[in-house]
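# Examination of the molecular architecture
So the chains spell out like this:
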Amino acid sequence: MNGGEAAGTGAVIDPLCHPVTDALGDLLATVRRIDPAGELADYIPELARVDANGFGIAATATSGHSYAAGDADRLFTIQSVSKPFVYALALEALGREAVLERVGVEPSGEPFNAISFDQIGRPANPMINAGAIVATSLIPAADAEERFAVIRAGLSAFAGRPLDLAHDVYESESATGDRNRGLAHLARASGMLGSTVADAVEPYFQQCSLLVDTGDLAMMAATLANGGEHPLTGERVVAEAVARDVLSVMASCGMYDRSGDWMFRVGMPAKSGVGGGIVAVTPGQYGIGVYSPPLDSAGNSSRGVAALQLLSAEFGLHMLDRPRESVSAVESIRTDAATGAITVEVRGEIDFVAAEQIVYAAMEAVGGDGSGTHTGTETAALVIDLGSATRATPVAARLMRAMAGDAGTRGYRISVRDPAGILVP
Ligand code: GLU
């Protein structure tokens, strides 16, 4: 795990004696007491042999601060948790439309190995096997070996360290993988597979057999939370729009046939795998990894689900909780008693929400409905002072330019103090 550094002071904080670490430890202890029922995956001997007691959790903020508790450094195979990350690599390489032509974005409500195709023979859901195998087949490469090399490098970039292959798990996945080959054949029959069956399924079995610990999962998730840029290495692994698309699919499709229940109870984009790992994301804030091998009847880690439910409730992390009042973009509104001139002082980054606040405040200040104190031919000055603003999104800049024009027609002399030129189209 990587220690966090306190911003500004340069002091190294030991994440092992941090209240967040203690809170995560308490969470694991609570879940161990609840002791939800679960069974080890047994479709291959390697998964049936693992220590069922292993239980770890890790969380990484987009600032790079990391915390962990329990068996957070125990290695396990990533299995289906690889799916959102390979889907991200496919989106990054081909673009959204080309990927959508071959694999849909609908929660299938079906188990991981379902024969899940829509009317045009396209896998519905990229987070279960049929869709995931197609996503793997779309990664540009000459053959299976090169495809896995690209995937391994991509997932390692998400984690920020080179990930190793569990060769024994891969051999077993391949030896018992006929149902997945069957899914690949069906996808190929409808023209959805981007390669031969073997060049899709072998790298797919290998991606499932990459070894991670919960710290890696938290870091990979934090890279998605951070818009595709790794919080510590600073590498841009995928574009911000790709990270958002992947989180959208994780939110609706990530937990097999329990995805609806998951969004209801936990409310975080997430993905689980039959190795016992789960990744969850609070966009813009945290990546979380949990590991505990016994699975519930849907194939999700039963302690992992319980831990994330508790975490979401206790830490207030449901993405649809009403957002708390954030700092207003309008720092102050001053009216000069002598001249009647109004100054609206703006701070921070101006996005749509901030622009709406600024426009509202400014319109109100000048009597935007025409009923204000200044009407007709009278002219008063309204100054929007962007001296403390850092950036404006295109829509925010458009709104603010429109406001200036509109207020102008109402007889106000509007001027924008924009020393950094952030409203310039
Ligand atoms: N290797 C497993 C399979 O494809 C992954 C399943 C999963 O984690 O959902 O059958």
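Since we're looking at a predicted model, the values are computed, not measured.

## Considerations on the overall build of the protein
When helices and strands are tallied, the protein shows 15 helices and 13 strands. Among the 425 residues that make up the protein, the fraction classed as buried is 53%. As presented, the protein carries roughly 18,300 Å² of accessible surface, and 53% of it is formed by carbon and sulfur atoms. Between the centroid of the 30 positive side chains of the protein and the centroid of its 51 negative side chains there is a distance of 3 Å.

## A short note on the packing of aromatic side chains
Throughout the structure, instances matching the rule amount to 4 aromatic pairs. Judged by centre distance (4.1 Å) and plane angle (10°), the ring pair of Phe76 and Tyr291 falls under stacked. In this pair, Phe76 sits in strand 5 (residues 76-77) while Tyr291 sits in strand 9 (residues 286-291), placing the two residues 215 residues apart along the sequence. In this pair, the class of Phe76 matches that of Tyr291, namely buried. Considering the side-chain rings of Phe112 and Tyr256, the 6.1 Å spacing of their centres and the 65° angle between planes classify their relative orientation as edge-to-face. Of this pair, Phe112 sits in the loop between helix 4 (96-102) and helix 5 (129-138) while Tyr256 is found in the loop between helix 11 (240-253) and helix 12 (259-265), placing the two residues 144 residues apart along the sequence. Relative accessible area serves as the criterion here: at 26%, Phe112 is assigned to the partly exposed category. Its end group placed over the ring of Tyr256, Lys271 keeps NZ or CZ at 4.1 Å from the ring centre.

## A look at the packing of helix 3 (residues 82-94) against helix 5
Relative to each other, helix 3 and helix 5 sit at 40°, their axes nearing to 9 Å. When the axes of helix 3 and helix 5 are compared, the pair comes out oblique. Where helix 3 crosses over helix 5, the handedness of that crossing is left-handed. When helix 3 is examined against helix 5, the residues Lys83, Val86, Tyr87, Ala90 and Leu94 are found in contact with a partner set consisting of Asn129, Ala132, Ala135, Thr136 and Leu138. Class assignment for the residues of the contact of helix 3 with helix 5 results in 7 nonpolar, 2 polar and 1 charged.

## Here's the deal with helix 9 (residues 197-208)
Counted at 1.5 Å a residue, the expected span for helix 9 with its 12 residues is 16 Å, and the 16 Å between its end C-alpha atoms agrees. Most of helix 9 is tucked away: 11 of the 12 residues are buried. Val197, Asp199, Ala200, Val201, Glu202, Pro203, Tyr204, Phe205, Gln206, Gln207 and Cys208 are the residues of helix 9 that are buried.

## Description of the environment of Thr393
By secondary structure assignment, the location of Thr393 is in the loop between strand 12 (380-392) and helix 15 (394-409). For Thr393, a relative accessible area of 14% corresponds to the buried category. Each C-alpha atom, one on Thr393 and one on Ala354, is 10.0 Å from the other, the two residues being 39 residues apart in sequence.

## Regarding the side chain of Thr77
For Thr77, the position within the fold is in strand 5. Residue contacts for Thr77: discarding those within four places in its chain leaves Leu47, Ala166, Val169, Cys208, Ser209, Leu210, Leu211 and Gly275.

## Points about the site of the ligand
The environment of the ligand is made up of 13 residues, and the closest members are Gln79, Ser80, Glu173, Tyr204 and Tyr256. Interatomic distance of 3.0 Å between a side-chain N/O atom of Asn129 and an oxygen atom of the ligand. Of the residues that constitute the shell around the ligand, the class distribution is 6 nonpolar, 5 polar and 2 charged.

## Section: the state of the cysteines
In a disulfide, the sulfur atoms of two cysteines are held together by a covalent bond. All chains considered together, the criterion is met by 0 disulfides. No disulfide involves Cys208; its sulfur sits 17 Å from the nearest other cysteine sulfur, which is in Cys253. When its relative accessible area of 0% is taken as the criterion, Cys253 is described as buried.

## Observations regarding the nonpolar core
Among the nonpolar cores identified, the biggest contains 57 residues, and Tyr87, Leu155, Phe158 and Met220 are the most heavily contacted of them. Where this core is concerned, the elements lending two or more residues are helix 3, helix 5, helix 6 (144-159), helix 8 (178-189), helix 9, helix 10 (214-225), helix 11 and strand 8 (277-282). Those residues within four positions of Phe158 in sequence are excluded, and the remaining contacts are Phe85, Ala88, Leu89, Met219, Met220, Thr223, Leu224, His230, Val237 and Val238. By size, the runner-up hydrophobic cluster in this structure holds 25 residues, among which are Val346, Ala354, Leu382 and Ala397.

Thresholds applied
Residues numbered from 1 in each chain as written. Predicted model: local features only at pLDDT ≥ 70, side-chain atom pairs only at ≥ 80, totals over all residues. Heavy atoms only, no water. Helix = DSSP H or I, 4+ residues; strand = E, 2+ residues; numbered from the N terminus. Buried < 20%, exposed > 50% of the residue type's maximum accessible area, 1.4 Å probe, protein only. Areas by Shrake-Rupley, 256 points an atom, 1.4 Å probe, with all protein chains shown as cover. Lys, Arg positive; Asp, Glu negative; His and termini not counted. Charge placed at Lys NZ, Arg CZ, Asp CG, Glu CD. Phe/Tyr/Trp six-rings, centres within 6.5 Å; stacked < 30°, edge-to-face > 60°. Lys NZ or Arg CZ within 6 Å of the ring centre and 35° of its normal. Axes fitted to C-alpha atoms, helices over the stretch in contact; angles between N-to-C directions. Parallel < 35°, antiparallel > 145°, perpendicular 65-115°, else oblique. Left-handed = near helix turned anticlockwise from the far one by under 90°. Contact = heavy atoms within 4.5 Å. Nonpolar A, V, L, I, M, F, W, Y, C, P; charged D, E, K, R; others polar. Expected span 1.5 Å × (residues − 1). Near = heavy atom within 4 Å. Polar contact = N/O pair within 3.5 Å; in protein donor to acceptor, adjacent residues only side chain to side chain. Disulfide = S-S within 2.5 Å. Core = buried A, V, L, I, M, F, W, Y, C linked by side-chain atoms within 4.5 Å.

Everything listed is a geometric property; what it means functionally is a separate question.
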